[in-house]
Amino acid sequence: MAVKSKTRPPRTSGGKPWGGRFSGETDELLEKLSVSVHFDRRLAPYDIRGSQAHARMLGQTSLVSETESRLMIQGLEELKKRVDGGAFVWDPKLEDVHMNLERALTELIGPAGEKLHTARSRNDQVALDTRLYLLDVSRLAGSELRALRSALVEKAEADGLEAPMPGYTHLQRAQPILLAHHLMAYYQMLSRDQERLRDLQKRLDRMPLGSGALSGTGLPINPRLAADELGFARLSENSLDAVASRDHLLEFLSFGAILMTNLSRLAEDIVLWCSQEFAFAELPDGLSTGSSMMPQKKNPDGAELMRGKAGRVIGDLMALLTVVKGLPMSYNRDLQEDKEPLFDAADTLLLVLPAAARMIAGLSFNRERLYAAADDPYAPATDLADHLVKRGVPFRRAHGEAGAAVAYALKKGVALADLAPDEMARFCPEAAADVMADLKLEKLLAARSAFSGTAPRSVRRQIKAARKALLAEERRAA
Ligand code: ARG
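Residues numbered from 1 in each chain as written. Predicted model: local features only at pLDDT ≥ 70, side-chain atom pairs only at ≥ 80, totals over all residues. Heavy atoms only, no water.

Draft legend 1. Summary view of the site of the ligand. Around the ligand sit Ser36, Asp96, His98, Arg122, Asn123, Val126, Tyr331, Arg333, Gln336 and Lys339, and those are all the residues in its vicinity. The contact in question runs from a nitrogen atom of the ligand to an N or O atom on the side chain of Asp96, over 3.0 Å. Within the contact set of the ligand, an oxygen atom lies 2.4 Å away from a side-chain nitrogen or oxygen of Tyr331. In isolation the ligand has 340 Å² of accessible area, and contact with the protein removes 87% of it. Here the shell around the ligand takes three residues from helix H6 (residues 122-160), the largest share from any one element. When grouped by side-chain class, the residues that make up the shell around the ligand number two nonpolar, four polar and four charged. (Near = heavy atom within 4 Å. Polar contact = N/O pair within 3.5 Å; in protein donor to acceptor, adjacent residues only side chain to side chain. Areas by Shrake-Rupley, 256 points an atom, 1.4 Å probe, with all protein chains shown as cover. Helix = DSSP H or I, 4+ residues; strand = E, 2+ residues; numbered from the N terminus. Nonpolar A, V, L, I, M, F, W, Y, C, P; charged D, E, K, R; others polar.)

Okay, structure coming up:
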């Protein structure tokens, strides 16, 4: 394999592949400003895969000989081993992952390596690499997100169907709900995140090779061959767009920012539930941390970090939006700034999603506390009004009458359901004699049986539909 290179790299600009028209060295400050290899080397596996497809296509279209094409493909395979094994030596003077790999290939296989960049620019190359990377990351994030949704469904079904809890608006007790309903609300939110991800994956499926630096290439290439090898269904239709656009990255970051924002709300609920004030739930020791000073403490740091890391991903989205905003057509070097936010967001999602699933599975709920809080003395106020509506009272008036009964009970210091029949009749003259039976917690819950409500029957239907959807999604992904 080790054919010694007979090629001499240009001596100008520190021997950079683009050094031909330059004399002298690159200013070391520009050198520092330009270098990206310390972060874009993460793209090496995709760069190599893309280059192998390109090299094969160059052979198939006779732009290089069969032998040269084979040499390039094998050489790139060897470089892949070195990269994977940590033996590859990255040279910051060669700026980025693309020039490092190309130079190493030429050193490895000789002059054939100098043909790799035929009909290609780093502009379409980097566009391809980030697409391949994003396709991979999206698949991974998709399966982690499905696992988290499935953890929510499991928990809802196992612990939530017989667990009434207070539902809140304004963080004030509002109406009783089932814990399963609360957990399934997050399932629904995250299902839309999953949909957004699926949708953006469609738009990732475009192969930009052939776009060259910006205008395409005059050489008789066949990008369809490379696209087939790389598994792309479609080619980019406009070379300027292919090298200039980053909206597919912005879409991924938007998806990530919205998902993390949703997760931060779930995290906040966990934090609240685990506080002594609520004491609705506890995280297992393995998913909690202690205090270095206060020996009694058990803190939900994991949930707090899940909440806090939303800030990073929102920041990543803002960073890239700001970089891309106002850039003239087509490629501009500013676009090199797309990678760090992208990697950061992807890493964060792939870290947080499985941790969130673990937290959901690990939560143990305190049924008695949940029940006691759900059985709030004034929680049945809406149901009292509904009771009156069923007996022909217009809702606005029913609301007023029930409100007056609540005010009276509050003043007297008793629960709504503990008002004597004559007291009830004073405020709600249309109430039936057995109105109190309608105000029992189980009744309140069962009554919410309209399609999206919290009645056990409706929530069971929701869980069943969720299981079916997850199964279908998993089949499609496999
Ligand atoms: N490292 C560059 C980037 O990430 C590769 C493309 C460089 N293109 C150029 N015309 N200088 O964008």
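Further notes follow.
Draft legend 2. Molecular detail of the packing of H6 against helix H19 (residues 456-477). Relative orientation of the contacting elements H6 and H19 amounts to 155 degrees, with a least axis distance of 10 Å. With respect to H19, the axis of H6 lies roughly antiparallel. For H6 against H19, the interelement crossing comes out left-handed. Here H6 contributes Arg146, Arg149, Ser150, Val153, Glu154, Ala156 and Glu157 to the contact with H19, which in turn contributes Ile463, Ala466, Arg467, Leu470, Glu473, Glu474 and Ala477. (Axes fitted to C-alpha atoms, helices over the stretch in contact; angles between N-to-C directions. Parallel < 35°, antiparallel > 145°, perpendicular 65-115°, else oblique. Left-handed = near helix turned anticlockwise from the far one by under 90°. Contact = heavy atoms within 4.5 Å.)

Draft legend 3. How the structure looks around a nonpolar patch on the surface. A surface patch of nonpolar side chains, amounting to about 280 Å² of accessible area, comprises Leu214, Leu240 and Met329. Within the secondary structure, Leu240 is located in helix H9 (residues 239-244). Looking at Leu240, the relative accessible area reads 32%, which means it is partly exposed. (Patch = residues over 30% accessible without salt bridge, like charges linked within 9 Å, V, L, I, M, F, W, Y side chains within 5 Å. Salt bridge = Lys/Arg side-chain N within 4 Å of Asp/Glu carboxyl O. Buried < 20%, exposed > 50% of the residue type's maximum accessible area, 1.4 Å probe, protein only.)

Draft legend 4. Molecular detail of the environment of His170. Examined against the element boundaries, His170 turns out to sit in the loop between strand S1 (164-169) and strand S2 (172-178). Between the C-alpha atom of His170 and that of Val137, which follows or precedes it by 33 residues, the distance is 37 Å.

Draft legend 5. Spatial organisation of the nonpolar core. Core analysis: the biggest nonpolar cluster contains 108 residues, and Leu79, Phe252, Leu263, Trp273 and Leu363 have the highest contact counts within it. At 15 residues, helix H10 (residues 247-273) tops the list of elements feeding residues into this core. Beyond its immediate sequence surroundings of up to four residues, Phe252 is in contact with Leu134, Val137, Ser138, Leu197, Leu200, Leu342, Ala346 and Leu349. Ranked by size, the runner-up nonpolar core spans 17 residues in total, among them Leu384, Val406, Leu419 and Val435. (Core = buried A, V, L, I, M, F, W, Y, C linked by side-chain atoms within 4.5 Å.)

Draft legend 6. A look at the packing of aromatic side chains. If you walk through the whole model with that rule in mind, you get nine aromatic pairs. Pairing Tyr46 with Tyr133 gives two aromatic rings, centres 5.9 Å apart and planes at 85 degrees, and the pair type is edge-to-face. Linking Tyr46 in helix H3 (residues 44-60) with Tyr133 in helix H6, this pair joins segments that are 87 residues apart in sequence. Tyr46 sits in the buried class, given a relative accessible area of 12%. For Tyr133, a relative accessible area of 4% corresponds to the buried category. Chaining the aromatic ring pairs together yields one cluster made of Tyr46, Tyr133 and Phe343. Here the guanidinium or amino end of Arg21 rests over the ring plane of Phe22, the centre of that ring lying 5.6 Å away. The ring of Tyr408 has Arg426 lying over it, and the distance from NZ or CZ to the ring centre is 5.3 Å. (Phe/Tyr/Trp six-rings, centres within 6.5 Å; stacked < 30°, edge-to-face > 60°. Lys NZ or Arg CZ within 6 Å of the ring centre and 35° of its normal.)

Draft legend 7. Representation of the pattern of salt bridges within the structure. If you walk through the whole model with that rule in mind, you get 34 salt bridges. A salt bridge links Glu473 to Arg198; the nearest nitrogen and oxygen atoms lie 3.6 Å apart. Remark: Arg198 occurs in helix H7 (residues 179-204) and Glu473 occurs in helix H19; sequence separation between them is 275 residues. Overall, the relative accessible area of 30% leaves Arg198 in the partly exposed class. Linking Lys412 and Glu423 is a salt bridge whose minimum nitrogen-to-oxygen distance equals 2.8 Å.

Draft legend 8. Focus on the pairing of S1. Both S1 and S2 contribute to a ladder of six bridges, which runs antiparallel. Each residue of the ladder has a partner; that of Thr169, found in S2, is Gln172. Where S1 folds back onto S2 in an antiparallel hairpin, the turn is made up of two residues, including His170, whose phi is positive at roughly 60 degrees. (Pairing = 2+ DSSP bridges.)

Draft legend 9. Up close: the packing of H10 against helix H11 (residues 301-324). Taken N-terminus to C-terminus, the directions of H10 and H11 make an angle of 160 degrees; their axes are 8 Å apart at the nearest point. Considering the angle they form, H10 stands roughly antiparallel to H11. Read as a crossing pair, H10 and H11 show a hand that is left-handed. Across the contact of H10 with H11, the residue classes break down as 18 nonpolar, four polar and five charged.

Draft legend 10. Quick look at unusual backbone geometry. Across the junction of Met329 and Ser330, the peptide omega takes the value 0 degrees, indicating a cis bond. Positionally, Ser330 belongs in the loop between H11 and helix H12 (339-362). A positive phi angle, close to 60 degrees, is found at Ser62, a residue other than glycine. One can find Ser62 in the loop between H3 and helix H4 (66-85). The phi dihedral of Ala119 is positive, around 60 degrees, even though this residue is not glycine.

Draft legend 11. Looking closely at the side chain of Thr118. Residue placement: Thr118 occurs in the loop between helix H5 (97-109) and H6. Side-chain polar atoms of Thr118 contact the backbone oxygen of Lys115, separated by 2.4 Å. Aside from chain neighbours lying at most four places away, what touches Thr118 is His54, Leu58 and Leu219.

Draft legend 12. Region of the structure containing helix H14 (residues 381-390). Those residues of H14 not exposed but buried are Asp383, Leu384, Ala385, His387 and Leu388. Where H14 is buried, its residues touch helix H15 (395-412), helix H16 (421-427), helix H17 (435-438) and helix H18 (441-447). Looking one or two residues past H14, Gly392 carries a phi angle of roughly 95 degrees, positive in sign.

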